[in-house]
Amino acid sequence: MEPLATQQKIEAVNVDMDQDTILFMISLIEERSCIWNRKNSGFQNKTKQHDAWREISVILDTPVDCLVRKWKSLCGSFRFYHAKEQKSKVTGSSSSSIYKPKWFAYRAMHFMHHVKETASTMDTLFRTIQTA
């Protein structure tokens, strides 16, 4: 059996949310683009990001670490369904053959469709900035 402290930590991280709460959480995150938009000047500012997460935490009465974990999971699901949709849009395919995600949060997270997971990198050989 796991020690009590470990059990409490696991329970604190696994917070069940209903779909309406998740959709509300997504809308709160969308309003705070410093969390998700690399082009936002606050994206690199960890204090600004933390403040945004704390605001959401207070509104939803949920610990920040649980929200961050849920957000990462939602982003992973969105990337999966978005990639599947994009792959189905090949030249010559009819509109009926294009995959239409049925995942409940897909439309709510569509603001993420242009966000890339990788950051800009520096080519030290030629000293140019490249975006992956």
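Up top is the structure these notes are about.
What you see is a predicted model, and the numbers here were worked out from it, not measured in a lab. Along each chain, residues carry numbers from 1 onward, in the same order as the chain's sequence is written. Local features are withheld for residues below a pLDDT of 70 in this predicted model, meaning they are given only at 70 or higher, and side-chain atom pairs are given and counted only at 80 or more; totals for whole chains, interfaces and linings count all residues. In computing side-chain values, all of the structure's heavy atoms are included and hydrogens and water are not.

A. Molecular detail of the side chain of Arg 32. Inspection of the secondary structure puts Arg 32 in the loop between helix 2 (19–31) and helix 3 (46–60). Here Arg 32 falls in the buried class, since its relative accessible area comes to 15%. Think of a polar contact as two N or O atoms within 3.5 Å of one another; within protein, one of them needs to be a possible hydrogen donor and the other a possible acceptor, and neighboring residues in sequence only count if both atoms come from side chains. Of the polar contacts made by the side chain of Arg 32, one reaches the backbone oxygen of Leu 28; its length is 2.8 Å. Within the structure, the side chain of Arg 32 is placed 2.8 Å from the side chain of Glu 55, a separation counted as a polar contact. Every residue pair with non-hydrogen atoms within 4.5 Å of one another is taken to be in contact. If sequence neighbours within four positions are ignored, Arg 32 has contacts with Ala 52, Glu 55, Ile 56 and Ile 59. Here a helix means four or more residues in a row that DSSP labels H or I, a strand means two or more in a row labelled E, and each is numbered from the N terminus. With a 1.4 Å probe rolled over the protein chains alone, any residue whose accessible area is under 20% of its type maximum counts as buried; one over 50% counts as exposed, and the rest are partly exposed.

B. Structural context of the packing of helix 2 against helix 3. For the pair helix 2 and helix 3, interaxial distance at closest approach is 10 Å and the crossing angle is 150°. Taken together, the axes of helix 2 and helix 3 are roughly antiparallel relative to one another. For the pair helix 2 and helix 3, the crossing hand works out as right-handed. Where helix 2 approaches helix 3, its residues Thr 21, Phe 24, Met 25, Leu 28 and Ile 29 are matched on the opposing element by Trp 53, Ile 56, Ile 59 and Leu 60. Orientation is described by axes fitted as lines to C-alpha atoms, over the contacting stretch for helices, and by angles from 0 to 180 degrees between their N-to-C directions. Should an angle fall under 35 degrees it is taken as roughly parallel, and over 145 as roughly antiparallel, whereas 65 to 115 is taken as roughly perpendicular and any remaining angle as oblique. Crossing chirality is assigned from the near helix's rotation relative to the far helix, an anticlockwise turn below a right angle marking it left-handed and a clockwise turn marking it right-handed.

C. Geometry of the environment of Leu 23. By the secondary structure assignment, Leu 23 is in helix 2. Judged by its relative accessible area of 31%, Leu 23 falls in the partly exposed class. A C-alpha to C-alpha distance of 6.7 Å links Leu 23 and Ala 108, two positions 85 residues apart in sequence. Here Leu 23 is in contact with Phe 104, Ala 105 and Ala 108, once residues within four sequence places are set aside.

D. Region of interest: the packing of aromatic side chains. Any Phe, Tyr or Trp ring, taking Trp's six-membered ring, that has another such ring centre within 6.5 Å forms a pair; planes under 30 degrees apart are called stacked, those over 60 apart edge-to-face, and the others tilted. For the structure on display, the rule yields six aromatic pairs. On the basis of an interplanar angle of 10° and a centroid distance of 6.4 Å, the ring pair of Trp 71 and Phe 111 is categorised as stacked. Of this pair, Trp 71 sits in helix 4 (residues 64–88) while Phe 111 sits in the loop between helix 4 and strand 1 (120–123), placing them 40 residues apart in sequence. By relative accessible area, Trp 71 is classed as buried at 7%. On the basis of relative accessibility, which here comes to 12%, the residue Phe 111 falls in the buried class. Ring plane angle 70° and centroid distance 5.8 Å describe the contact between Trp 103 and Phe 104, whose orientation is recorded as edge-to-face. Given the relative accessible area of 15%, Trp 103 is considered buried. Residue classification places Phe 104 among the partly exposed positions, given a relative accessible area of 28%. Put simply, the rings of Phe 80, Tyr 81, Trp 103 and Phe 104 pair up and form one aromatic cluster.

E. Region of interest: the nonpolar core. To form a nonpolar core, buried Ala, Val, Leu, Ile, Met, Phe, Trp, Tyr and Cys residues must be joined to one another through side-chain atoms within 4.5 Å. Counting residues in each nonpolar core, the largest one holds 25 residues, and the members touching the most others are Ile 35, Trp 71 and Met 109. The greatest single-element share of this core, amounting to six residues, is contributed by helix 4. Ignoring any residue separated from it by four or fewer positions in sequence, one finds Met 109 in contact with Ile 26, Trp 71, Leu 74, Cys 75, Phe 78 and Trp 103.

F. Main features of the pattern of salt bridges. Here a salt bridge means any side-chain nitrogen of Lys or Arg lying within 4 Å of a carboxyl oxygen belonging to Asp or Glu. Scanning the entire structure with this criterion turns up two salt bridges. Notably, a salt bridge pairs Arg 32 with Glu 31, separated by 3.4 Å at the nearest N-O pair. The salt bridge partner of Glu 55 is Arg 32, with a shortest N-O separation of 2.8 Å. You can see Glu 55 sitting in helix 3 and its partner Arg 32 sitting in the loop between helix 2 and helix 3, a full 23 residues away along the chain. A network of salt bridges, in which partner residues are shared, links Glu 31, Arg 32 and Glu 55.

In short, the description is geometric, and any link to function would need to be established separately.
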